[in-house]
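Structural overview
Residue strings, one per chain:
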Amino acid sequence: MAPRGVKKGTKRERQYEAVKSSVKSRGASENRAEEIAARTVNKERARSGESRTASRSSVDDISSGRRGGQRSGSTGPRGRTREQLYNEAKKLGVDGRSKMNKAQLLRAVEGKKR
């Protein structure tokens with residue numbers, strides 16, 4: 001059964017069935033195939049403005065470090081996050097770290113390591 005908001009005989013229902021059968025043919029269980037198909041259809045609906053709210057999983061399904069910039073057009077991760085740099089600066093005893101941006105934290109951490 002297609003996800004909520006998808007009407008019978010529409011493009012989205014056909015998309016749902018196509019994704020579901022594709023995932024099942026690769027050996028996934030019925031429930032897993034339905035889950036993946038529903039998520040895919042909901043993302044497409046959110047991207048095209050068909051749904052009232054954006055799909056929750058459209059940006060959160062894979063963390064940015066693991067997807068390697070797939071959505072931005074660049075390849076590979078872009079180094080450490082601000083949070084990682086902040087924690088490293090905390091271990092190194094860098095003062096004023098809470099007011100620093102990512103670039104400043106990176107310079108401070110690299111400076112302390114030398």
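Presented here is a report on the structure given in the accompanying data block. (Residues numbered from 1 in each chain as written. Predicted model: local features only at pLDDT ≥ 70, side-chain atom pairs only at ≥ 80, totals over all residues. Heavy atoms only, no water.)

**A short note on the overall build of the protein**
Heads up, the rule is: The secondary structure listing takes helices from DSSP runs of H or I that are at least 4 residues long and strands from runs of E that are at least 2 residues long, numbered from the N terminus. Only protein chains enter the calculation, and the probe is 1.4 Å; a residue is then buried if its accessible area is under 20% of its type maximum, exposed if over 50%, and partly exposed in between. For this analysis, residues touch if any pair of their heavy atoms sits within 4.5 Å.
When its secondary structure is counted, the protein shows 6 helices and 0 strands. Taken from the N to the C terminus, the helices and strands of the protein come in the order α-α-α-α-α-α. By residue count, 26% of the 114 residues in the protein fall in the buried class. Across the protein, every contact between residues at least 6 apart in sequence was considered, and the portion connecting residues at least 24 apart equals 24%.

**Let's talk about the pattern of salt bridges**
Selection criterion: We define a salt bridge as a contact between a side-chain nitrogen of Lys or Arg and a carboxyl oxygen of Asp or Glu at a distance within 4 Å.
Across all of its chains, the model carries 9 salt bridges by this definition. One salt bridge connects Glu30 with Lys24, and the closest N-O pair in it is separated by 2.6 Å. The partner of Glu88 in a salt bridge is Arg80, and the shortest N-O contact between them spans 2.7 Å. One network of salt bridges, in which partners are shared, links Lys20, Lys24, Glu30 and Glu34.

**Digging into the side chain of Lys20**
Take Lys20: it is sitting in helix 1 (residues 11-25). Contacts of Lys20, omitting those with residues within four sequence positions, involve Glu30, Ala33, Glu34 and Ala37.

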